[in-house]
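Residue-level structural notes
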Amino acid sequence: MIELKRVSRLYGKVIGVNDLNVKLAAGAYGLVGPNGSGKTTLINLLTGQLRPTLGSVRVFGEDPWHQRDMLRRIGLCPASDVLYPNVSASEWVQYQVRLHGFSLAESRERAHTALDRVDMTDRMHRPMGSYSLGMRQRTKIAQAIAHDPDLLILDEPYNGLDPVGRYQMTEMLVQYAEEGRSLLFASHVLHEIEAITSSFMLIHGGRLLASGTAAEIDMILADTPREVTLHGEDVTRLASRLIGLDWVDSISLNKQGNQLTLALLDPQELYRQLAGWIASDGLRIDRLQAETGELTAVLDSLLQHHRGEAR
Amino acid sequence: MNGMLVFDVIRFELTRSLTVSRMMVWGALVAFPVTLVGILANRLALVEDAPKDQILGTVMFILIPEIVCLLGLLLWATPAIATEIEGQTWIYLAMRRSGRGVVAIGKYLTAVLWTLSAALAATTICVALSWPEDLVFMWLVLSGLVTLSCFAHAALYLFIGLMFRKRTMVTAVGFTLIVEFGLTFVPALANKLTVNYRLRGLFQNWLEWDTLKTPAEAVYGSEPVSTHLMALAIYTTLLLGLSLWKLRVSEFPNQQDG
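Residues numbered from 1 in each chain as written. Chains lettered and ligands numbered in written order. Predicted model: local features only at pLDDT ≥ 70, side-chain atom pairs only at ≥ 80, totals over all residues.

**Focus on the environment of Met 169 of chain A**
All names here are of chain A. Short version of the rule: Only DSSP runs of H or I reaching four residues or more are called helices, and only runs of E reaching two or more are called strands; each is numbered from the N terminus. Our exposure labels follow a C-beta count within 10 Å of each residue's own C-beta, placed from the backbone: buried means 20 or more other C-beta atoms, exposed means 12 or fewer, and partly exposed covers the counts in between. Think of it this way: build a C-beta for each residue from its backbone, and any pair within 7 Å is a contact.
For Met 169, the position within the fold is in helix H5 (residues 163-178). Met 169 sits in the buried class, given 22 other C-beta atoms within 10 Å. Spatially, the C-alpha atom of Met 169 lies 9.5 Å from that of Gly 134, the residues being 35 residues apart in sequence. Those residues in contact with Met 169 that sit more than four places away from it in its chain are Pro 157, Tyr 158 and Leu 161.

**What about the confidence of the model for chain A?**
Quick note on the threshold: Each residue carries a pLDDT score, the predictor's own confidence in it, on a scale running from 0 to 100.
In the predicted model, chain A carries a mean pLDDT of 85, and the fraction of residues at 70 or more is 90%. Highest mean pLDDT in chain A belongs to helix H2 (residues 89-98) of chain A (94); lowest belongs to helix H10 (residues 295-306) of chain A (65).

**Overview of the interface of chain A and chain B**
Quick note on the threshold: Residue type decides the class: Asp, Glu, Lys and Arg count as charged, Ala, Val, Leu, Ile, Met, Phe, Trp, Tyr, Cys and Pro as nonpolar, and the leftover types, Gly among them, as polar.
The interface is formed by 33 residues belonging to chain A together with 27 residues belonging to chain B. Looking at the side of chain A that touches chain B, the elements with two or more residues in it are helix H1 (39-46) and H2 of chain A. The biggest single contributor to the side of chain A that touches chain B is H2 of chain A, with 4 residues. Residues belonging to the side of chain A that touches chain B are distributed by class as follows: 12 nonpolar, 12 polar and 9 charged.

**Structural notes on the nonpolar core**
Short version of the rule: Linking buried Ala, Val, Leu, Ile, Met, Phe, Trp, Tyr and Cys residues through C-beta atoms within 7 Å yields a set, and such a set is a nonpolar core.
Counting 131 residues, the largest nonpolar core has Ala 142 of chain A together with Ile 64, Leu 73, Tyr 108 and Ala 154 of chain B as its most contacted members. If you tally residues by element for this core, the top one is helix H7 (residues 135-163) of chain B, at 17 residues. Counting 8 residues, the second largest nonpolar core, distinct from the first, contains Val 235, Leu 238, Leu 260 and Leu 264 of chain A.

**Digging into the pairing of strand S7 (residues 182-187) of chain A**
All names here are of chain A. As a reminder, the rule being used: A pair of strands is treated as paired once DSSP finds two or more bridges between them.
For S7, the tally of buried residues reaches 6 of 6 residues, placing the bulk of the element in the interior. Here strand S3 (residues 28-32) pairs with S7 via 5 bridges, running parallel. Counted as the bridge partner of Gly 30 is Phe 185 from S7. As defined by bridge partners, strand S6 (residues 151-155) adjoins S7 across 5 bridges and the pair is classed as parallel.

**Brief notes about unusual backbone geometry**
Residues and elements named next belong to chain A. Positioned with a positive phi, Phe 60 is a non-glycine residue whose angle comes to about 50 degrees. Turning to its location among the elements, Phe 60 is positioned in the loop between strand S4 (54-59) and strand S5 (74-77). Here the phi dihedral of Asp 119 falls at roughly 65 degrees; this positive angle occurs in a residue that is not glycine. Structurally, Asp 119 can be placed in the loop between helix H3 (104-117) and helix H4 (133-145).

And the structure:
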């Protein structure tokens, strides 16, 4: 479905994406990365809105920059808002479908079906200026799916949605993916993507750090040290226990001597032995803080792996 | 290019443009020449032996095809694409198979229609107020010039809007003042490249007012009607073609930070 070969995109001297090599079969994928990581640049390349400085981009075997007819097969829900205050969702979505070359009647039918799917039927004839952010988000999704694309690309679709809106959006996207349709979902919040798909591409600093399922990424991370922080007045004594152990990659103690940061190759080993050391040495440890699986921590670990810092 | 799609773009653009502020601008564009011509016609009625038709005809020509059309198109054609880009709504259009070209032509024609309607309304009222000897002929001449002015200037402003995505209006106003109101009166080869020179030539040719031509031949030109029409057709087609080419090769990324 998507093939990127050595794709780099420069904005003057700034690198948007750097030497990306990706080959994805049809399916649902999450594109994860912090703000400014290159997600939107990648989406712009996939949708033919940007031309790669180096390398080649193929979507369904075609170059989206040169072969604009293939845009009919892609539905894009950008992060940017829609600001046509005196146009209704029905008129706007119909207009968008019409621009793909569908007849007027078919455009109207497709627009109404898509708006029904995102639960906007009741409000689709109201001017968009009167919509809440959630309603505008749903309308944006409707324009992206109305022409029945083979690939749906969503850029931060949860932006501005309240919890109910997020839940409804998740339900809709899960259903969409379960129908066997292809989906590329960009977000900087990992758990939003996890609710919809287990396949990820992790991007950071314009580089693709990892791709695959959560389990595959875990395997990549298996060799990468995980950070564990311990707080308490006896962490210095605990540090002496850890020196020289083969599953401890590094030990760092703060100036006050009450915070110990460990990089561990096998955190489970610490968790197994810690209680015993506390009991036998009479240590006072107030708090243990492990990586929470938050995106930043995962990306930091992947970055270490990418730099060859993992063993 | 699918003609029906262009029609749908025009319909969509007109629908979303029917706002109070836009209608007020439309009204102002009509009222401006009507007021001036009305006052002048009143004053001239008191002067005996004044070449009333020629004075009012020339004033109407300056006010409507040369000023009203330019003002209307500055507001409509120049920001046609730029506002979509700035509002980040262009990405939705650019993602459509027929998006870029069809939307640009649709917006161009919408700008022409909107301005043309105001200019024709102004022409009709002004001609009625001035009541020339050959009323119908004067209306036909001015309406023809207004139509040509709208098509040519809209192509010019659409092109400027695409070439200068920052400070678009400033550039368009600057170009208008320097080229269409300045250079056009310079008796050299350069003035032949301006739209207003061609419109003046047609105005003089069609009305055959030698009293105006003789003292200012370089300003009105000496080419035949066919040359002026051909020049305007080439000018319009060339600028539209360049605009479509520019749209085809330009990158319009979604500018969200991600």
